[in-house]
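So the chains spell out like this:
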Amino acid sequence: MSKKVWVYDPHSGGVKIPEAVRERTRDRILAHAQKHYAGKYTRIDVRFRGQLCYIDAYKEPFVAPDFDPSPLGVSREEYIERQRNFPIHLVRLRYFGKEDRWSMAFYTYSHDKYEASVFDNGTFEGTPEEAFDTGAVYLDD
């Protein structure tokens, strides 16, 4: 008879994020972004669903002067506006009940999905600010 062994998995489960924690987390992330990354984005979007927190950024797009979007069926202005409103996914956080201990999944554009990740501190848990720093690689030009 085999026994079930519990294995810690920081990338599944979690608990629903209370509204007060959502507000504090959003404020923390936005303050951190403003302090350390001002000028690298036009806006940051922090949204919550269940036990997850998603952080996206928006940037002013670079469109080469000679780029012709007419084959896409849009004008240059429409193309630029679409790009302005296209989110850059940074990271997804998972909440386990402690505001300074979240797990993180980094958005990989090569696979077009969130991938479980460790924080720069070498562990599976960290703060929302540390997670933002990891995802901020997408803010560099």
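The structure presented is a predicted model; accordingly, all values stated were derived computationally and were not measured.

Caption draft 1: Here's a closer look at the side chain of Arg22. Within the secondary structure layout, Arg22 lies in helix α1 (residues 19-37). As a buried residue without a salt bridge, Arg22 has its nearest oppositely charged side chain in Glu19, at a separation of 4.4 Å. Here Ile17 takes part through its backbone oxygen, which lies 3.0 Å from a polar atom of the side chain of Arg22. For Arg22, the contacting residues outside a window of four places in its chain are Lys16, Ile17, Phe48 and Gly50.

Caption draft 2: Region of the structure containing the sheet that holds strand β5 (residues 113-117). Taken in spatial order, the five strands line up as β1-β2-β3-β4-β5 in an open sheet, and their pairing is antiparallel. A single partner strand is all that each edge strand has here, and the edge strands are β1 (43-49) and β5. The average undirected angle you get between the axes of adjacent strands in this sheet is 25°. In this sheet, strand β2 (residues 52-58) lies alongside β1 in antiparallel orientation, the contact comprising seven bridges. Across the sheet, residue Val46 finds its bridge partner in β2, namely Ile55. Along the sheet, α1 makes contact with β1, β2, β3 (88-95) and β4 (102-108), crossing β1 at roughly 155°. Here helix α3 (residues 128-135) sits on the sheet and contacts β1, β2, β3 and β4; the angle it forms with β3, its principal contact strand, is near 150°.

Caption draft 3: Molecular detail of the pattern of salt bridges. Taken as a whole and judged by the stated rule, the model has nine salt bridges. A salt bridge links Arg28 to Asp100; its shortest N-O distance comes to 2.8 Å. In this pair, Arg28 is assigned in helix α1 and Asp100 in the loop between β3 and β4, connecting sequence segments 72 residues apart. On the basis of relative accessible area, Asp100 is assigned to the partly exposed category, the value being 46%. One salt bridge connects Glu81 with Arg84, and the closest N-O pair in it is separated by 3.0 Å. Placement of both Glu81 and Arg84 in helix α2 (residues 76-84) is noted, with a separation of three residues, approximately one turn of the helix. The partly exposed category is assigned to Arg84, whose relative accessible area is 31%. Among the charged side chains, a network of salt bridges with common partners joins Arg28, Asp100 and Glu129.

Caption draft 4: Local environment of α3. For α3, a buried count of six out of eight residues is recorded, marking the element as mostly surrounded by other parts of the structure. Turning to α3, its buried residues are Pro128, Glu129, Ala131, Phe132, Thr134 and Gly135. Elements that come into contact with the buried residues of α3 comprise α1, β1, β2, β3 and β4.

Caption draft 5: Molecular detail of the packing of aromatic side chains. Overall, the coordinates contain eight aromatic pairs when judged by the stated rule. Measuring from centroid to centroid gives 5.3 Å for Tyr37 and Phe132, while their planes differ by 50°, and the two rings are tilted. On the criterion of sequence distance, the pair formed by Tyr37 in helix α1 and Phe132 in helix α3 is long-range, its members being 95 residues apart. Judged on exposure class, the residue Tyr37 and its partner Phe132 are both buried. Aromatic side chains Tyr107 and Tyr109 sit 4.7 Å apart centroid to centroid with 65° between the ring planes, which places their arrangement in the edge-to-face category. Given a relative accessible area of 7%, Tyr107 falls into the buried group. Of the residues examined, Tyr109 reaches a relative accessible area of 36% and is grouped as partly exposed. Put simply, the rings of Tyr54, Phe106, Tyr107, Tyr109, Tyr114 and Tyr138 touch in pairs and so form one group of aromatic residues.

What counts as what
- Residues numbered from 1 in each chain as written.
- Predicted model: local features only at pLDDT ≥ 70, side-chain atom pairs only at ≥ 80, totals over all residues.
- Heavy atoms only, no water.
- Helix = DSSP H or I, 4+ residues; strand = E, 2+ residues; numbered from the N terminus.
- Buried < 20%, exposed > 50% of the residue type's maximum accessible area, 1.4 Å probe, protein only.
- Lys, Arg positive; Asp, Glu negative; His and termini not counted.
- Salt bridge = Lys/Arg side-chain N within 4 Å of Asp/Glu carboxyl O.
- Polar contact = N/O pair within 3.5 Å; in protein donor to acceptor, adjacent residues only side chain to side chain.
- Contact = heavy atoms within 4.5 Å.
- Pairing = 2+ DSSP bridges.
- Axes fitted to C-alpha atoms, helices over the stretch in contact; angles between N-to-C directions.
- Phe/Tyr/Trp six-rings, centres within 6.5 Å; stacked < 30°, edge-to-face > 60°.

The values reported here are purely geometric and, on their own, carry no functional implication.
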